[in-house]
Amino acid sequence: MPPAALAASKTDELRARWCDAFRAVRAETERRAAPLSAEDQIIQSMPDASPIKWHRAHTTWFFEQFLLVPNVPGYKVFDPRFAFLFNSYYVAAGPRHARPQRGLITRPTNEEVAAYRAHVNAAVERLIAEAKPAALPEILRVLEIGLHHEEQHQELMLTDILHAFSLNPTNPAYDKNWQPPPVEGGEGYVELTAGIHKIGHEGGAYCFDNETPAHQELIQPVRIARSLVTNLEWLEFVTDGGYMKPTLWLSDGWATAERECWEAPLYWRQVDGGWFSLTLGGVRPLDLAAPVMHVSYFEAEAFARWAGKFLPTEAEWEVAARTGNLNDAFGIAWQWTRSAYLPYPGYRAAEGALGEYNGKFMVNQMVLRGSSLATPANHSRVSYRNFFYPPHRWQFMGLRLSDYDA
Ligand SMILES: [Fe+2]
């Protein structure tokens, strides 16, 4: 094959591969929304959570705003009002609807959002197929960010609807047949020797900017628990009065626990002396062997203090995870670390609106590592940095402990 024809066939292959990836991610969003009624999809249970319909529209706006508008000459937006409704926090992309009021948006309807998704899907597929080869790398760069962005929202769809269902006295199930993923469990610790270790993403595959630059960290001799803290262990903390002993708690944590009347993880329910928990499959007896979930950083920190242990730093977590010996590192529950969410040495947020993606949130939040049962397949990696505020607990959040030699 002549070089020009070879290059053209490689470009065609690239276009086909990205078109398939785009279709797969967009379909997964709809698959996750499918069990939910129109009423389910409108509700916003708290300012931190968003309606399912909003997630479906916002992820679509992201492609329209950052991919189609800049790259398709003469592109006509589906509805000029949608940028205001479905921009989340991109100040550089213009004014936006107040986040706590997303649940008030009964129009556009679900059907109109579906039409919006179809319109943007067709335009993106056309762009992938027809973009000039010279423009393709930049288009695919933004497309890839959009796909990972939508995958993040796929996780939020499940966490947000579970929170909404938790406030419904009839305890609805997202999926009556839902089963938790199998857990490895295990005893003991992964020992790390003291020394300088490299953490962060080293390139070669996709990552978010907050995972870079890869850099050196000094690790003390430390042991990281091989398994996640279980419901049984957490129940011992509860029955030992863990939620009633201010000496175990950070000041802000104690104030939050008192104000919000915390007595157990977010979705635990005590009925006639027995413990139950709300899951994606509805209310079920508490599985004592399963990892604890839906605990805040404040609770995780109090638990670690009660247990006479620590939460690992994110560097310790990553170094231990890179040994391959941490069980249930991925796919069960995000794991709180005691590291503040800060920029890595030399990190600079990108210019422009997409630079707002991660960098501007690097204050007052704590890092979680691993991934959860709600994280889409292929969205997990050892350098991934998730982050939430210390009182947050509606995500699938758990913990593993660490310890130092005295
Ligand atoms: Fe978003």
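In what follows, the structure referred to is the one given above.
Cut-offs used in this document
Residues numbered from 1 in each chain as written. Predicted model: local features only at pLDDT ≥ 70, side-chain atom pairs only at ≥ 80, totals over all residues. Heavy atoms only, no water. Axes fitted to C-alpha atoms, helices over the stretch in contact; angles between N-to-C directions. Helix = DSSP H or I, 4+ residues; strand = E, 2+ residues; numbered from the N terminus. Parallel < 35°, antiparallel > 145°, perpendicular 65-115°, else oblique. Left-handed = near helix turned anticlockwise from the far one by under 90°. Contact = heavy atoms within 4.5 Å. Nonpolar A, V, L, I, M, F, W, Y, C, P; charged D, E, K, R; others polar. Core = buried A, V, L, I, M, F, W, Y, C linked by side-chain atoms within 4.5 Å. Buried < 20%, exposed > 50% of the residue type's maximum accessible area, 1.4 Å probe, protein only. Pairing = 2+ DSSP bridges. Phe/Tyr/Trp six-rings, centres within 6.5 Å; stacked < 30°, edge-to-face > 60°. 1 Å grid on protein atoms, 1.4 Å probe; cavity = no way out; pocket = protein on both sides within 12 Å on 5 of 7 lines; lining within 4 Å. Points joined across faces, edges and corners; volume = space filled by probe spheres on them. Salt bridge = Lys/Arg side-chain N within 4 Å of Asp/Glu carboxyl O. Expected span 1.5 Å × (residues − 1).

## Notes on the packing of helix H1 (residues 3-33) against helix H3 (residues 52-71)
It is at 10 Å that the axes of H1 and H3 come closest, and there the two elements cross at 165 degrees. As judged from the angle between their axes, H1 and H3 are roughly antiparallel. Crossing of H1 against H3: the hand is left-handed. In this structure, H1 uses Phe22, Arg26, Thr29, Glu30 and Ala33 to contact H3, whose residues at the interface are Ile52, Arg56, Thr59, Thr60 and Phe63. Of the residues contributing to the contact of H1 with H3, the split by class is 4 nonpolar, 3 polar and 3 charged.

## Details of the nonpolar core
Ranked by size, the top nonpolar core spans 94 residues in total, and within it Phe66, Val124, Leu143, Trp234, Trp249, Trp336 and Leu399 carry the most contacts. Broken down by element, the residue count for this core peaks at 13 residues, all from helix H6 (residues 136-166). The next biggest cluster of nonpolar side chains, apart from the first, holds 16 residues, and it includes Val222, Ala321, Leu326 and Ala329.

## Notes on the packing of H3 against helix H5 (residues 110-130)
Put simply, H3 and H5 touch, their axes get as near as 9 Å, and they point 30 degrees apart. When the interaxial angle is binned, H3 and H5 end up roughly parallel. Every pair of crossing elements has a handedness; the one defined by H3 and H5 is left-handed. Residues Lys53, Arg56, Ala57, Thr59, Thr60, Trp61, Phe63, Glu64, Leu67, Leu68 and Asn71 of H3 lie in contact with H5, whose contacting residues are Asn110, Val113, Ala114, Tyr116, Arg117, His119, Val120, Ala123, Val124 and Leu127. The residue inventory of the contact of H3 with H5, partitioned by class, reads 12 nonpolar, 5 polar and 4 charged.

## Some remarks on the sheet that holds strand S8 (residues 334-340)
Read across the open sheet, the 4 strands follow the order S10-S9-S8-S11; overall the sheet is mixed. For this open sheet the edge positions go to strand S10 (386-388) and strand S11 (397-398), each flanked by a neighbour on one side alone. Both S8 and strand S9 (residues 366-369) contribute to a ladder of 3 bridges, which runs antiparallel. Bridging across to S9, alanine 340 finds its partner in methionine 366. Sheet contacts for helix H10 (residues 314-322): S8 and S9; angle to S8, the most-contacted strand, approximately 135 degrees.

## Observations regarding the sheet that holds strand S5 (residues 268-271)
Taken in spatial order, the 3 strands make up an open sheet running S5-S6-S7, and their pairing is antiparallel. Taken across any chain shown, the strands that pair with only one partner, and hence form the sheet edges, are S5 and strand S7 (282-285). For this sheet the average axis-to-axis angle between neighbouring strands, irrespective of direction, equals 35 degrees. Across 4 bridges, S5 lies against strand S6 (residues 274-279) in antiparallel orientation.

## Description of the packing of aromatic side chains
For any pair of aromatic rings, the description rests on two quantities: the centre-to-centre distance and the angle between the ring planes. The tally for this structure, following the rule as stated, stands at 32 aromatic pairs. Their ring planes at 70 degrees and their centres at 5.3 Å tell us that phenylalanine 66 and tyrosine 90 sit as a pair that is edge-to-face. Remark: tyrosine 90 occurs in the loop between helix H4 (82-86) and H5 and phenylalanine 66 occurs in helix H3; sequence separation between them is 24 residues. The buried category is assigned to phenylalanine 66, whose relative accessible area is 10%. Overall, the relative accessible area of 0% leaves tyrosine 90 in the buried class. Here the aromatic rings of phenylalanine 388 and tryptophan 394 are separated by 5.6 Å at their centres, their planes lie at 85 degrees, and the arrangement is edge-to-face.

## Some remarks on the layout of surface pockets
Computed from the structure, the largest pocket encloses a volume of approximately 750 Å³. Taken together, 35 residues make up the lining of the largest pocket; nearest its centre are Tyr89, Arg99, Leu156, Phe387 and Phe388. Of all elements in the fold, only H3, H6 and S10 reach the threshold of two or more residues within the lining of the largest pocket. Sorting the residues of the lining of the second largest pocket by element identifies S6 and S7 as the ones contributing at least two each.

## Concerning the pattern of salt bridges
Evaluation of the coordinates by the stated rule reveals 21 salt bridges. Lysine 360 is the salt-bridge partner of glutamate 356, the closest N and O atoms lying 2.6 Å from each other. Residue class for glutamate 356 comes out buried when judged on its relative accessible area of 11%. With a relative accessible area of 38%, lysine 360 lands in the partly exposed category. Through salt bridges with shared partners, a single network forms among Arg26, Glu30, Arg56, Arg117 and Glu150.

## Some thoughts on H6
Here H6 spans 45 Å end to end across 31 residues, near enough to the 45 Å set by a 1.5 Å rise per residue. In terms of burial, H6 is a largely internal element, 25 of the 31 residues being buried.

## Points about unusual backbone geometry
Put simply, arginine 107 and proline 108 share a cis peptide bond, and its omega is 5 degrees. Mapping proline 108 onto the fold places it in the loop between H4 and H5. Residue proline 213 is reached from threonine 212 by a cis peptide bond, and omega for that bond is -10 degrees. Here proline 213 is to be found in the loop between strand S2 (195-199) and strand S3 (215-219). The backbone phi angle of aspartate 272 is positive, close to 50 degrees, even though this residue is not glycine. By the element assignment, aspartate 272 lies in the loop between S5 and S6.

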